[in-house]
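Now for the letters of each chain:
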Amino acid sequence: MTAFFAAAFFAIAQLPAQQPAAPPPHEHEPEPAPTNLKVLPKTFTGEQVHKIMHGWAAALGTHCDTCHTADPNHLGPNGRPRLKFADDSKPEKAQARIMYTMTEEINNNYLKKIAAAAGPDEKEKPKPVTCGTCHRGHVKPEAYIPPPEALHEH
Ligand code: HEC
Ligand code: HEC
């Protein structure tokens, strides 16, 4: 048994030497610097913008092409049209800018007041509002319908 594991370990340990050096799967080209930021800080790098974008797409349960225009003349390596990220033609992109500004306003104005009113206890401080607070995996937030028993009047 020990000999088997030793042999297996030896075989695995040998692998990198036998194979040509390939880049790790998650490494990719650096993201290009953004050219058309109107609400995010203009100092953001391409990497910072991408991280935020993945967060927005996840919070809305959707993909990049909900807000970004596809370019049918330029196909990516996966055979699908590349997205023109700096292009502003989709209404969802304009709506997302308004939503971002609104979310910042809620946090920087209203939630700061809630924090101040909560007193000195750190545990009572509100967590920041994010896209996910309302969207919860939907492009259009779903209405909350309270269960009938909760609506019961006594
Ligand atoms: C809910 C809408 C929405 C989704 C989904 C979304 N984006 Fe964006 N994206 C925006 C908005 C709005 C901006 C512009 C921000 C600004 O004006 O500061 C933007 C800007 C960008 C930019 C910068 C373009 C430039 O040059 O100025 C890149 C790159 C980008 N998005 C990539 C992505 C990627 C990749 C995804 C998917 C993982 C994605 N976006 C998903 C709304 C979205
Ligand atoms: C306070 C709650 C709230 C927050 C926070 C919020 N949204 Fe929204 N959002 C809404 C509501 C409500 C709508 C209207 C949905 C409808 O049309 O029924 C909406 C609509 C949208 C739409 C248009 C969807 C469509 O196709 O009609 C986009 C895009 C969007 N939000 C993106 C965002 C992004 C990105 C963030 C975070 C930066 C965000 N939202 C944060 C409540 C919120």
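Residues numbered from 1 in each chain as written. Chains lettered and ligands numbered in written order. Predicted model: local features only at pLDDT ≥ 70, side-chain atom pairs only at ≥ 80, totals over all residues. Heavy atoms only, no water.

Draft legend 1. View of the site of ligand 1. Contacts to ligand 1 come from 22 residues, most closely from M53, C64, C67, H68 and R97. The separation between an oxygen atom of ligand 1 and a polar main-chain atom of N36 is 2.7 Å. In the environment of ligand 1, an oxygen atom lies 2.6 Å from a nitrogen or oxygen atom belonging to the side chain of R97. The set of elements that each furnish at least two residues to the shell around ligand 1 consists of α2 (46–59) and α3 (91–117). The element best represented in the shell around ligand 1 is α2, accounting for five residues. (Near = heavy atom within 4 Å. Polar contact = N/O pair within 3.5 Å; in protein donor to acceptor, adjacent residues only side chain to side chain. Helix = DSSP H or I, 4+ residues; strand = E, 2+ residues; numbered from the N terminus.)

Draft legend 2. Molecular detail of the pairing of strand β2 (residues 81–84). Strand direction decides the pairing type here: strand β1 (residues 69–75) and β2, joined by four bridges, are antiparallel. If you follow L75 over to β2, its bridge partner there is P81. Between the antiparallel neighbours β1 and β2 lie five residues, among them G79 with a positive phi of about 85°. (Pairing = 2+ DSSP bridges.)

Draft legend 3. Main features of the site of ligand 2. As a structural note, the neighbourhood of ligand 2 is formed by 16 residues, with M99, C131, C134, H135 and K140 the closest of them. H135 is positioned such that a nitrogen or oxygen atom in its side chain is 2.7 Å from a nitrogen atom of ligand 2. Contact between ligand 2 and K140: an oxygen atom at 2.8 Å from a side-chain N or O atom of the residue. Going through the elements one at a time, α3 and α4 (131–135) are the ones with two or more residues in the shell around ligand 2.

Draft legend 4. Looking closely at α3. Taking 1.5 Å per residue as the helical rise, α3 with its 27 residues ought to reach 39 Å, and the 38 Å between its terminal C-alpha atoms agrees with that figure. At L111, α3 shows its largest kink, close to 35°. (Expected span 1.5 Å × (residues − 1). Bend = angle between axes of the 7 residues up to and from the residue.)

Draft legend 5. Just the coordination of the iron atom of ligand 1, in detail. Within the protein, M53 (SD) and H68 (NE2) serve as the donor atoms for the iron atom of ligand 1, at 2.0 to 2.3 Å. Around the iron atom of ligand 1, the six donor atoms sit at angles spanning 84 to 180°, and that spread fits a shape best called octahedral. Of this pair, M53 sits in helix α2 while H68 is found in the loop between α2 and β1, placing the two residues 15 residues apart along the sequence. Look at M53 and you get partly exposed, because its relative accessible area is 26%. (Donors = N, O, S within 2.8 Å, 3.2 Å for Na, K, Ca; no water. Tetrahedral: all angles 85-135°; square planar, octahedral: opposite > 155°, others 65-115°. Buried < 20%, exposed > 50% of the residue type's maximum accessible area, 1.4 Å probe, protein only.)

Draft legend 6. Main features of the coordination of the iron atom of ligand 2. The coordination sphere of the iron atom of ligand 2, as far as protein atoms go, consists of M99 (SD) and H135 (NE2), spread over 2.0 to 2.2 Å. Coordination at the iron atom of ligand 2 comes from six donor atoms whose angles at the metal span 82 to 180°, giving a geometry best classed as octahedral. Pair noted here: M99 is in helix α3 and H135 is in helix α4, with a separation of 36 residues, a long-range link. Since its relative accessible area comes to 39%, M99 is described here as partly exposed.

Draft legend 7. Quick peek at the pattern of salt bridges. Applying the stated criterion across every chain yields a total of three salt bridges. Notably, a salt bridge pairs K38 with D88, separated by 2.9 Å at the nearest N-O pair. Separated by 50 residues along the polypeptide, K38 in the loop between α1 (2–18) and α2 and D88 in the loop between β2 and α3 bring together distant segments of the chain. Between R97 and D88 there is a salt bridge, with the nearest N and O atoms lying 3.2 Å from each other. (Salt bridge = Lys/Arg side-chain N within 4 Å of Asp/Glu carboxyl O.)

Draft legend 8. Representation of the side chain of H135. Taking relative accessible area as the criterion, H135 reaches 11% and is therefore assigned buried. Setting aside its immediate chain neighbours within four residues, H135 contacts A59, L60, M99, K140 and P141. (Contact = heavy atoms within 4.5 Å.)

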